[in-house]
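Structural characterization, general
Spelled out from the first residue to the last, the chains are:
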Amino acid sequence: MKIIVATPLYPPEVDNIAIYVKEVAERLRNKEDIVIAAYASTAEKIPGVTLLTTDKRRPLPVRLFQYTIMLFKASRNADIIYAQNAVAVGLPAIIVHWLLKIPVVLNFTEDESWKRAKNLHLTNQPFKEFLNLPQANLKIRLIMRLQGWILRRASIIITPSRALANLITAAYLIRPARVFINYRPPEKPEILPFNIQPVPHQIIAAGPLVKWTGIAAIIRAAALLKKEFPDVRLLIAGNGPEKTNLKELAQKLGISNYVIFLGYVSRPENWYIRKTSQVYTHNYISQDLSGTILTSFSAQTPVIAAKTPATNEIISHGQTGLLVKPDDEKEIAQEIARIFKDETLRAKIIDGMRKTLDEKLSWNNHIRKLVNLFESIQKNNYASKQS
Amino acid sequence: MPVNKAKQLWEAHRANGLADVIPILSALGFGLNKVQIHTEGERYLTSGKKFVLTGWRLNDGKCVVIKISNHPQGRQEIERERKSRIILEKINFAYHVFFSPEEILFTYQQGYILFITSFIEQERKFLELPFKEQFFLALKAFETQEGVHATTYEHANIIRESFGIWNARTYLKKSDRYLTDIALSLSKNTKIKTLLIKAREFLTTNSKTIDLYSGFLTHWDFVPHNFRIRGRDIYLLDHSSIRFGNKYESWARFTNFMVLYNPVLEQALVEYVRKNRAEEESLSLRLMRVFRLTELICHYANTLPKISGDLHTLNQKRIEFWEYVLEAALNNQSVPQEIIEEYKNRRDSLRSEEEKQRQKVLH
């Protein structure tokens, strides 16, 4: 099968899409004919994979046109175009789909318009709220419309969770039958040049410091835990507009010495603090679509998460983590204490997380499902061409 | 230039300059500290055409850093630095935030350009921190820089006028210049000649790898005295050293520096890249280290005609030491600890008291 992986980002870019594309190509190259069509000025090569690039150092309309031509030529005898998210490759992929009747599988991992609005500090809204009433400028609203138009025309859309699928089918008016769930494996573990020793009663929370990530309730939970565990420590990774309020809250509760605001943390440090912490607490009140829980799975740090459709998908209460009522500090504190005290429960959860990683969240599983999907689309496409 | 003339000229320039700027600063509401460490010791060899002074704001005693110059080159450097700060805050393709000291005043007065920023107090210097903190702070700084990759036409438009943009061709061209300068200054040194030819070949053969990781924001003088730590944030002090080039250029400067100041950290960072990133990235780091070592040797070679006495002997020792480090980098090896210690002892015995004091403040 000849698969064209169309991507807006590719290493040396460090974005998740770039890293994912390289990993997928490396894993598929021995069985399939893989062509990567990337927007890139320079690109890391993979033996056995054809790499086509459109120089990004051209004005937007020029590079969009050049990319479309490149994709058209590369797709002439291809079976599938596997487009990674963004409008920049989604639009050319749909044009080529029309011209050559090649199925387009669109991998939707993050919303381009939401991502841009956040990067430009136009919004702090959770994704669901943004989809309903976006705080965004005209350009981003247009991108949102274009994205919806592209999504409605893709042959199949892959999402890394059912929760995300439900949100986008409702917001962009996509037929649910055209959405396929394929869980995304977590990032690779980091190899650090020193031993990692767990710190007793250390809790980690991470995410943007905005109201909907529910950090305030975790701080209040830490204050409750202080009585039973005087050495409790809460590490908070991330930045955001709520930082001052959260610091004041910690001060007010008399635990400012035990609540450590780390700000932005590097990838290796993020790994290190997960590995050294006894529990990762995730109290996102609105739906979380980031991979932050998966990093804790990978680090084998038990997760206590607010119960939402997204967390329900990967956490089975008491088996692979603990689920709590969102924003309920008493329940959060109670469940953290259980993890601190009950070694059997902790071991059971870690074991459950390991199994989930090996089965549901493994690269092998991801690739197998991807190939099965491509093969079934190829067959259907062939059948429809014959008829 | 006769030996020691450079120092005498600098001292005269400093005396006249300070006499000029004290009344200007006073009229603007600023005072100068009695000791100006950044104008002393060996600073005359590197200071260029601007003064970096420390002082305070008269109305509230706030500590400040003052960059000042009346020389076209120094003025241009300060203007460019300020512009770089502004652009850096506006760059909309950066993944992370850069911290810079607060700007207090930027003005032109009586032919001088003055750029005053707040002085960032730090509880502990970088090298006094525990190893893990140093390791993670360094990686955080590198990731922040790597998060700014100018790849598109629109990105290039934002940075073109404020930052230099370097690619393999630029690095090779610079490398050729260093080689010529070193050959002139150290014509009798056959060992360095052989090493430099090897270095040039190494860079040329791998020029594609240099280009592969180019286009990233990089700080070519990323060493502890050019940043300060407050809490868990790193504040960049010298924005004139920012350019878009190979992403391992700042890593290279930092790891080369750490050969002397913390070899364990140097090795840990090299190992980190080797074990966690693509193979070409490790190669890229080596390439940049070789490039920067050639530059460092060139810098010391160029000082030799301007200095005499202990400092001359010291700079010869420096050249010998960095030759070792260059050889080790080319062979993908680390420098034996005894060579580092021997060099440090010799260096300390040859440094002037004034320079020793300056170094204490810096690191």
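Residues numbered from 1 in each chain as written. Chains lettered and ligands numbered in written order. Predicted model: local features only at pLDDT ≥ 70, side-chain atom pairs only at ≥ 80, totals over all residues.

So, about the overall build of chain A. A count of helices and strands for chain A gives 15 helices and 13 strands. Judged by the C-alpha coordinates and their principal axes, chain A covers about 70 × 45 × 40 Å. Looking at chain A residue by residue over its 387 residues, the buried ones come to 44%. Taking all contacts inside chain A whose residues are at least 6 apart in sequence as the whole, residues at least 24 apart take part in 64%. (Helix = DSSP H or I, 4+ residues; strand = E, 2+ residues; numbered from the N terminus. Buried ≥ 20, exposed ≤ 12 C-beta atoms within 10 Å, placed from the backbone. Contact = placed C-beta atoms within 7 Å.)

Before going further, it helps to examine the domain arrangement of chain A. All names here are of chain A. Splitting chain A by domain gives domain 1 (2-185 + 362-386) and domain 2 (202-358). Here the C-alpha centroids of domain 1 and domain 2 sit 32 Å apart. In terms of residue count, the dominant contributor to the side of domain 1 that touches domain 2 is helix 7 (residues 162-171) (four residues). Grouping the amino acids of the side of domain 1 that touches domain 2 by side-chain chemistry returns four nonpolar, four polar and four charged. (Domains from an automatic or database assignment. Nonpolar A, V, L, I, M, F, W, Y, C, P; charged D, E, K, R; others polar.)

Attention now goes to the sheet that holds strand 4 (residues 103-109) of chain B. Residues and elements named next belong to chain B. Across the sheet, which stays open at both edges, the five strands sit in the order 1-2-3-5-4 with antiparallel pairing between neighbours. Each edge of the sheet is formed by a strand with only one pairing partner; in this case those strands are strand 1 (30-32) and strand 4. Across the sheet, the axes of successive neighbouring strands diverge by a mean angle of 30°, strand direction being ignored. Inspection of the sheet shows strand 3 (residues 63-69) paired to strand 5 (residues 112-118) by six bridges, in the antiparallel sense. In the sheet register, Val 64 faces strand 5, and the bridge partner there is Ser 118. Packed onto the sheet, helix 1 (residues 5-28) meets strand 1, strand 2 (51-57), strand 3, strand 4 and strand 5 and runs at close to 150° relative to strand 1. Across the sheet, helix 2 (residues 72-90) is in contact with strand 3, strand 4 and strand 5; its angle to strand 5 comes to roughly 40°. (Pairing = 2+ DSSP bridges. Axes fitted to C-alpha atoms, helices over the stretch in contact; angles between N-to-C directions.)

This part covers the interface of chain A and chain B. The partner chain B presents 27 residues to the 25 residues of chain A that form the contact. When residues of the side of chain A that touches chain B are traced back to their parent elements, those giving at least two are strand 10 (259-263) and helix 10 (267-276) of chain A. When residues in the side of chain A that touches chain B are grouped by element, the largest group, three residues, is from helix 10 of chain A. For the side of chain A that touches chain B, a count of residues per class yields 12 nonpolar, five polar and eight charged.

Let us look at the sheet that holds strand 2 (residues 33-39) of chain A. All names here are of chain A. Within the open sheet, the seven strands sit side by side as 3-2-1-4-5-6-7. Their pairing is parallel. Either end of the sheet is taken by a strand with one partner, and the two such strands are strand 3 (50-54) and strand 7 (179-181). Direction aside, the axes of adjacent strands within the sheet are offset by 20° on average. Taken together, the six bridges between strand 1 (residues 2-7) and strand 2 define a ladder with parallel strand orientation. The residue bridging Ile 4 from the neighbouring strand is Val 35, located in strand 2.

Turning our eyes to something else, we now look at the nonpolar core. Counting 68 residues, the largest nonpolar core has Ile297(B) and Leu326(B) as its most contacted members. Of all the elements, helix 10 (residues 279-303) of chain B adds the most residues to this core, at 11 residues. Ignoring any residue separated from it by four or fewer positions in sequence, one finds Ile297(B) in contact with Ile182(B), Ile319(B), Trp322(B), Glu323(B) and Leu326(B). Residues Tyr10(A), Ala25(A), Ile34(A) and Tyr82(A) belong to the second largest nonpolar core, which totals 58 residues. (Core = buried A, V, L, I, M, F, W, Y, C linked by C-beta atoms within 7 Å.)

To continue, consider the packing of helix 10 of chain B against helix 11 (residues 309-330) of chain B. Residues and elements named next belong to chain B. The N-to-C vectors of helix 10 and helix 11 enclose an angle of 165°; their axes lie 9 Å apart at closest approach. Between helix 10 and helix 11, the interaxial angle falls into the category roughly antiparallel. Helix 10 and helix 11 meet at a crossing whose hand is left-handed. Here helix 10 contributes Arg 286, Arg 289, Val 290, Leu 293, Thr 294, Leu 296, Ile 297, Tyr 300, Ala 301 and Thr 303 to the contact with helix 11, which in turn contributes Asn 315, Arg 318, Ile 319, Trp 322, Glu 323, Val 325, Leu 326, Ala 329 and Leu 330. (Parallel < 35°, antiparallel > 145°, perpendicular 65-115°, else oblique. Left-handed = near helix turned anticlockwise from the far one by under 90°.)

Residues and elements named next belong to chain B. Domain boundaries assigned for chain B yield domain 1 (5-118) and domain 2 (126-362). The C-alpha-based centres of domain 1 and domain 2 are spaced at 25 Å. Along the lines of polarity and charge, the residues of the side of domain 1 that touches domain 2 split into 12 nonpolar, four polar and eight charged.

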